[in-house]
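# A closer look at the structure
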Amino acid sequence: MNRKLGLTLLSSAVVAIALAVISDPRSVPAQPVSSINSGHVSVTMMEGDDDAVIVRKLAKYKTWTLVNPTPVLMDANAAFACAAVITGNPHASKYISVYVNQKGQDAMLQQERPVFPVGSVIVKEKLAYSTASSPELLTVMIKRDKGYDENSGNWEYLVLDGSAAKIAQRGRLKSCNGCHIGYPKTDYVTRTYLPEAVRKELR
């Protein structure tokens, strides 16, 4: 075999090996979850954020994890508590779709007795009917540092318009805490909207 032919065969072998490595998914270094899940926009909620900053951070909540793919009927007591801000009859049937940010995802969807980490954000869309294309309003829970409000598990509550453009109420809202105070075992998060398949897998 002459030298030129030998180099050609060697080059071909190197190329073949490289192609095999590239095409084998096991050879590709694992990516962080945040890189793989590019549609899930991560946010960090700071206690000092003013309303404008909060609104900006919530703008893409629909890129977060949708907890219940099918809207569920809202608890009647919760609907009554929202009477001051929901347009129309507060006793009328309302539905909710719930989103959670990446920080609170594991507690929401994996833990039977969840402990939501500081920075967890839960957004509830309040819908006039199950097939509504846009919410009447949003209610939001933001997990704050210890000492913010021990009686509510240190959650800050917010009420926004349906487009998430304006905050109507914010803070230690008694109307919100009145519903959530009954759920201390789940870190004051009701989770009545969890799909049955998810509920069975909680650990």
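Residues numbered from 1 in each chain as written. Predicted model: local features only at pLDDT ≥ 70, side-chain atom pairs only at ≥ 80, totals over all residues. Heavy atoms only, no water.

## Points about the nonpolar core
Counted only if it meets this: Only buried residues count toward a nonpolar core. Its members are Ala, Val, Leu, Ile, Met, Phe, Trp, Tyr and Cys residues joined through side-chain atoms within 4.5 Å. Three exposure classes are used, based on accessible area relative to the maximum for each residue type with a 1.4 Å probe and protein chains only: buried under 20%, partly exposed in between, and exposed over 50%. The numbering of helices and of strands both runs from the N terminus, where a helix is a DSSP run of H or I of at least 4 residues and a strand a run of E of at least 2. By definition in these notes, contact holds between two residues if any of their heavy atoms fall within 4.5 Å.
Of all hydrophobic cores here, the largest spans 22 residues; its most connected members are Val67, Met108, Ile122, Trp155, Val189 and Tyr193. Of all the secondary structure elements, the ones that give two or more residues to this core are strand 3 (95-100), helix 5 (105-109), strand 5 (137-143) and strand 6 (155-161). Apart from the residues within four sequence positions on either side, isoleucine 122 is in contact with Val98, Tyr99, Val100, Met108, Phe116, Thr139, Val140, Met141, Trp155, Val189 and Tyr193. The next biggest cluster of nonpolar side chains, apart from the first, holds 16 residues, and it includes Ile54, Tyr99, Val140 and Leu158.

## Describing the pairing of strand 6
Rules: Whether two strands pair comes down to DSSP finding at least two bridges between them.
By the criterion of burial, strand 6 is predominantly enclosed, with six of the seven residues buried. By the bridge criterion, seven bridges tie strand 5 to strand 6 in an arrangement that is antiparallel. By the bridge assignment for strand 6, leucine 137 is matched with aspartate 161. As judged from the four bridges shared by strand 6 and strand 7 (residues 167-171), these two strands associate in the antiparallel manner. What sits directly across from tyrosine 157, in strand 7, is glycine 171. Connecting the antiparallel pair strand 6 and strand 7 is a turn made up of five residues, with alanine 164 showing a positive phi of about 60°.

## A few points about the packing of aromatic side chains
The line we're drawing: Stacked, tilted and edge-to-face are the three classes assigned to paired rings of Phe, Tyr and Trp, where Trp is represented by its six-membered ring and a pair needs centres within 6.5 Å; plane angles under 30 degrees give stacked, over 60 edge-to-face, the rest tilted. Only when the NZ of Lys or the CZ of Arg is both within 6 Å of the ring centre and within 35 degrees of the ring normal is a charge said to sit over the ring.
If you walk through the whole model with that rule in mind, you get two aromatic pairs. Consider the rings of tyrosine 61 and tyrosine 99, whose centres lie 5.2 Å apart with planes at 80°: the pair is edge-to-face. Residue tyrosine 61 is found in the loop between helix 3 (51-58) and strand 1 (65-66), and its partner tyrosine 99 is found in strand 3; the two are separated by 38 residues along the sequence. We note that tyrosine 61, like tyrosine 99, is buried. With a centroid separation of 5.5 Å and an interplanar angle of 65°, the aromatic rings of phenylalanine 116 and tryptophan 155 are classed as edge-to-face. Here phenylalanine 116 is found in the loop between helix 5 and strand 4 (121-127), whereas its partner tryptophan 155 is found in strand 6, with 39 residues between them in sequence. Above the face of the tyrosine 148 ring, arginine 172 is positioned so that its terminal group lies 4.0 Å from the ring centre.

## A closer look at unusual backbone geometry
Even without being glycine, asparagine 154 reaches a positive phi, approximately 65°. In this fold, asparagine 154 is placed in the loop between strand 5 and strand 6. The residue alanine 164 is not glycine, and still its phi comes out positive at about 60°. The exposure class assigned to alanine 164 is buried, which follows from its relative accessible area of 6%.

## A word on the side chain of serine 120
To keep it simple, the criterion reads: Think of a polar contact as two N or O atoms within 3.5 Å of one another; within protein, one of them needs to be a possible hydrogen donor and the other a possible acceptor, and neighboring residues in sequence only count if both atoms come from side chains.
Within the secondary structure layout, serine 120 lies in the loop between helix 5 and strand 4. Under the relative-accessibility criterion, serine 120 is labelled buried at 0%. Of note is the side chain of serine 120, whose polar atom sits 2.7 Å from the backbone oxygen of proline 117.

## Overview of the confidence of the model for the chain
Condition: Confidence of the predictor at the level of single residues is captured by pLDDT, which takes values from 0 to 100.
Of all residues in the chain, 70% have pLDDT values of 70 or greater, and the mean over the chain is 79. When the elements of the chain are averaged for pLDDT, helix 2 (residues 33-36) gives the smallest value, 26, and helix 5 the largest, 98. Contacts from residues 5-41, a stretch scored under 50 in pLDDT, to residues over four places away or in other chains number 18 contacts.

## Comments concerning the pattern of salt bridges
If charged atoms from side chains of opposite charge come close, those side chains can pair. Stated precisely, the cut-off is as follows: For salt bridges, the criterion is a side-chain nitrogen of Lys or Arg within 4 Å of an Asp or Glu carboxyl oxygen.
In the structure shown here, the tally under the stated rule is seven salt bridges. Glutamate 156 is the salt-bridge partner of arginine 144, the closest N and O atoms lying 2.6 Å from each other. Of the two residues, arginine 144 sits in the loop between strand 5 and strand 6 while glutamate 156 sits in strand 6, which places them 12 residues apart along the sequence. Overall, the relative accessible area of 2% leaves arginine 144 in the buried class.

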